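# Summary of the model geometry
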Amino acid sequence: MKQIGLFFGSFNPIHIGHIILANHILEFSNLDEIWFVVTPHNPFKEKKTLLNDQNRLYMVELALKNYPNMKASNIEFSLPQPSYTIDTLAYLKERHPSYTFSLIMGEDNLSGLQKWKNADVLIAHYPIYVYPRLTETTSAGKKLLELPTIQKIDAPIIELSATQIRNMIKENKNVRPMLPPEVFDYLDGSSFYK
């Protein structure tokens, strides 16, 4: 039974922080693969700052080509929008009945987890790997960390954000160290985020 970790995000753009975290989780968990699920539209985010879905997917594919246990997934592109994690999981389970799926999320997302569609079902049926953030965990988040399905991973804290990277690109600052080389080259030759 293959164990798949799902790392959802807009990856706008994908950066080295995402890859460092995914690699750490692969090395220190029982997951066989991590799928980077590129979300077309997060119900909690404004759509206007999002680069086109295909461009973001392509950047994830470029970034992961040297990591055989990490894959780009466009599964949510064909599902109704906005995408809800529980619906995506049900769809994946149906398509891959022999796989088990887990979620990967930042500790900052824990406090809002109860507001997610069918959060109780999600928490009861899917293991959740939580990576640390610098922000203080809310009491609701701390309570969730006590549940047997939720496991905090002792991963490095990486405070790199795609927003910060987009702003730096707009200001013509050097973002090369923050991006996988292939992604940097792709963005450097484009007008994206300018």
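Residues numbered from 1 in each chain as written. Predicted model: local features only at pLDDT ≥ 70, side-chain atom pairs only at ≥ 80, totals over all residues. Heavy atoms only, no water.

A few words on the overall build of the protein. Within the protein one finds eight helices and six strands. Here the C-alpha radius of gyration of the protein, 16 Å, is about what a compact globule of 194 residues would show, namely 16 Å. Along the longest, intermediate and shortest principal axes, the C-alpha atoms of the protein span 45 × 35 × 30 Å. Counting all 194 residues of the protein, 48% fall into the buried class. Total accessible area on the protein is roughly 10100 Å²; 51% of this is exposed by carbon and sulfur atoms. Of the charged side chains in the protein, 20 are positive and 20 negative; the average position of the first set lies 4 Å away from that of the second. (Helix = DSSP H or I, 4+ residues; strand = E, 2+ residues; numbered from the N terminus. Rg over C-alpha atoms; globule rule 2.2 N^0.38 Å. Buried < 20%, exposed > 50% of the residue type's maximum accessible area, 1.4 Å probe, protein only. Areas by Shrake-Rupley, 256 points an atom, 1.4 Å probe, with all protein chains shown as cover. Lys, Arg positive; Asp, Glu negative; His and termini not counted. Charge placed at Lys NZ, Arg CZ, Asp CG, Glu CD.)

Here we come to the pairing of strand 1 (residues 2-9). Strand 1 sits mainly inside the fold: six of its eight residues count as buried. Direction of pairing for strand 1 relative to strand 2 (residues 33-38): parallel, over a ladder of six bridges. For G9, the partnering residue across the bridge sits in strand 2 and is V38. Taken together, strand 1, helix 1 (residues 16-27) and strand 2 form a β-α-β motif whose crossover is right-handed. (Pairing = 2+ DSSP bridges. Right-handed = clockwise from strand over helix to strand, strands pointing away.)

Turning our attention to the environment of T135. Locating T135 in the fold gives a position in the loop between strand 5 (128-131) and helix 6 (139-144). When the C-alpha atoms of T135 and D108 are compared, they prove to be 6.6 Å apart, with 27 residues separating the residues in sequence.

The next subject is the pairing of strand 5. A two-sided burial pattern is seen for strand 5, the buried positions comprising I128 and V130 on one face and Y129 and Y131 on the other. Bridge analysis of strand 4 (residues 99-106) against strand 5 gives four bridges, and the strand direction is parallel. Within strand 5, the position partnered with M105 by the bridge is V130. Here strand 5 pairs with strand 6 (residues 150-152) via three bridges, running parallel. Across the sheet, I128 pairs through a bridge with I150, a residue of strand 6.

Before going further, it helps to spend a moment on the packing of aromatic side chains. Throughout the structure, instances matching the rule amount to nine aromatic pairs. With 6.0 Å between their ring centres and 65 degrees between their planes, F7 and Y131 make a pair best called edge-to-face. Placement of the pair is F7 in strand 1 and Y131 in strand 5, with a sequence separation of 124 residues. On the numbers, 6.2 Å between centres and 50 degrees between planes, the contact of Y99 with F101 is tilted. Of the two residues, Y99 and F101, both sit in the buried class. Site record: aromatic cluster; members linked through ring pairs are F7, F11, F36 and Y131. (Phe/Tyr/Trp six-rings, centres within 6.5 Å; stacked < 30°, edge-to-face > 60°.)

A full pass over the atoms with the stated rule returns seven salt bridges. Ionic pairing is found between E107 and K152, a salt bridge with its closest N-O pair at 3.0 Å. Remark: K152 occurs in strand 6 and E107 occurs in helix 4 (residues 107-110); sequence separation between them is 45 residues. Relative accessible area serves as the criterion here: at 7%, E107 is assigned to the buried category. (Salt bridge = Lys/Arg side-chain N within 4 Å of Asp/Glu carboxyl O.)

A few words on unusual backbone geometry. Backbone geometry follows two general trends: most residues other than glycine have a negative phi, and most peptide bonds adopt the trans configuration. A cis geometry characterises the amide bond from N12 onward to P13, with omega recorded as 5 degrees. Topologically, P13 is positioned in the loop between strand 1 and helix 1. You will see that N118, though not glycine, has its phi angle at about 50 degrees, which is positive. A residue is classified by how much of its surface remains accessible, and N118, at 39% relative accessible area, is partly exposed. Positive phi, normally seen in glycine, also occurs at N172, with a value near 60 degrees. Relative to the assigned elements, N172 resides in the loop between helix 7 (162-170) and helix 8 (181-188). Classification of N172 as exposed rests on a relative accessible area of 66%.

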